[in-house]
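So the chains spell out like this:
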Amino acid sequence: EIARREGMPISQIFGEKGEPYFREMERTLTLELKEMGGMVLSPGGGWVSDQAVVAAKFLACLVAVGAFLLATTTYPALVYAVQPFAVGPIASGYLGLVLLSATYIAYGLFVSSLTGSQVLAGFLTVMPLFLLWLFSWNEAAVGADTVTVLRALSLFDHFQSCSVGVIEVRDVFSFVALTAAFWW
């Protein structure tokens, strides 16, 4: 529709008028089509910039993760039916997984908003998150001061306490702060 309105192909719009102009046209057209209703839009990469759309994507991803996590509660529920146990540590682990997932989702949405390439967005999402996960695994190779800094940055260390049944405010704060920072 944008190409038809402009009278030129999208590649030419990008070349002559630039990406910001195209994105504004895309946003305007999206708002027009939203008012018409009764259709599904299938835009390309780089389209996500509106906070409402980002919030909807974030929540949709979080619901999907929640559904997967909910499916994994079957085994603990079956074991509990046979032999009751303290559910606090299990609930703590699930809380940690939800917080970790929220951080990953927010970061992935942030990175995908910076590039139109899905491959590049995927790579720039997975690699840094993997490094943040691994930061403190080789503690023997660095000094005590460095270990303290690495532990503060390591997503694994923040998740570790939840996985053993302990909910620490600093870990919850770290996940919430990172999620909010990437969403901003």
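Right, let's walk through the structure included here. (Residues numbered from 1 in each chain as written. Predicted model: local features only at pLDDT ≥ 70, side-chain atom pairs only at ≥ 80, totals over all residues. Heavy atoms only, no water.)

Some details on the environment of Tyr 107
Rules: A helix here means a DSSP run of H or I that spans at least four residues, while a strand means a run of E at least two residues long, and both kinds are numbered starting from the N terminus. Pairs of residues are marked as contacts when any of their non-hydrogen atoms sit within 4.5 Å.
Of note, Tyr 107 is situated in helix H6 (residues 88-114). Each C-alpha atom, one on Tyr 107 and one on Ala 86, is 33 Å from the other, the two residues being 21 residues apart in sequence. With near-sequence residues (within four places) excluded, Tyr 107 lies in contact with Leu 124, Thr 125, Pro 128, Leu 129 and Phe 182.

A short note on the nonpolar core
Note the cut-off: To form a nonpolar core, buried Ala, Val, Leu, Ile, Met, Phe, Trp, Tyr and Cys residues must be joined to one another through side-chain atoms within 4.5 Å. For every residue, the accessible area (1.4 Å probe, protein chains only) is compared with the maximum for its type, and the residue is labelled buried under 20%, exposed over 50%, or partly exposed between those bounds.
Phe 58, Leu 100, Leu 155 and Phe 175 are the most contacted members of the largest nonpolar core, which totals 17 residues. Every element with two or more residues in this core is listed here: helix H4 (51-71), H6, helix H7 (118-134), helix H9 (155-163) and helix H10 (169-183). With eight residues, H6 is the largest single contributor of residues to this core. Apart from the residues lying within four places of it in its own chain, the contact partners of Leu 100 are Trp 133, Leu 155, Phe 159 and Phe 175. Counting five residues, the second largest nonpolar core, distinct from the first, contains Ile 2, Ile 13, Phe 22 and Leu 29.

Some thoughts on the packing of H6 against H10
Applied cut-off: Angles run from 0 to 180 degrees between N-to-C directions of axes, and those axes are lines fitted to C-alpha atoms, restricted for helices to the stretch in contact. For classification, angles of less than 35 degrees are called roughly parallel, those exceeding 145 degrees roughly antiparallel, those between 65 and 115 degrees roughly perpendicular, and all remaining angles oblique. In this scheme the handedness of a crossing depends on how the near helix is turned from the far one: anticlockwise by less than a right angle means left-handed, clockwise means right-handed. The nonpolar class holds Ala, Val, Leu, Ile, Met, Phe, Trp, Tyr, Cys and Pro. Asp, Glu, Lys and Arg form the charged class, and all remaining residues, Gly among them, are polar.
Between H6 and H10, the shortest axis-to-axis distance is 8 Å and the interhelical angle comes to 20°. Regarding the angle of H6 to H10, the classification is roughly parallel. As for the relative orientation of H6 and H10, their crossing is left-handed in sense. Contact residues: Leu 99, Leu 100, Ala 102, Thr 103, Ala 106, Tyr 107 and Phe 110 in H6; Val 172, Phe 175, Val 176, Leu 178, Thr 179 and Phe 182 in H10. Class assignment for the residues of the contact of H6 with H10 results in eleven nonpolar, two polar and no charged.

Some details on H7
This is how it is decided: Multiplying 1.5 Å by the helix residue count minus one yields the expected span of that helix. Directions from the helix axis toward the C-beta atoms define the arc.
Its 17 residues give H7 an end-to-end C-alpha distance of 24 Å, which sits within 8% of 24 Å, the value for a rise of 1.5 Å per residue. For H7, every residue scored as buried is listed here: Ala 121, Thr 125, Leu 129 and Trp 133. Projection of H7 onto a plane perpendicular to its axis shows the buried side chains occupying an angular sector of 80°, all on one side. At its buried positions, H7 is contacted by H6 and H9.

What to know about the environment of Val 172
One can find Val 172 in helix H10. Overall, the relative accessible area of 25% leaves Val 172 in the partly exposed class. Distance in space between the C-alpha atoms of Val 172 and Phe 182 is 16 Å, their sequence separation being ten residues. When sequence neighbours within four positions are dropped, the list of residues in contact with Val 172 reads Leu 99 and Ile 167.

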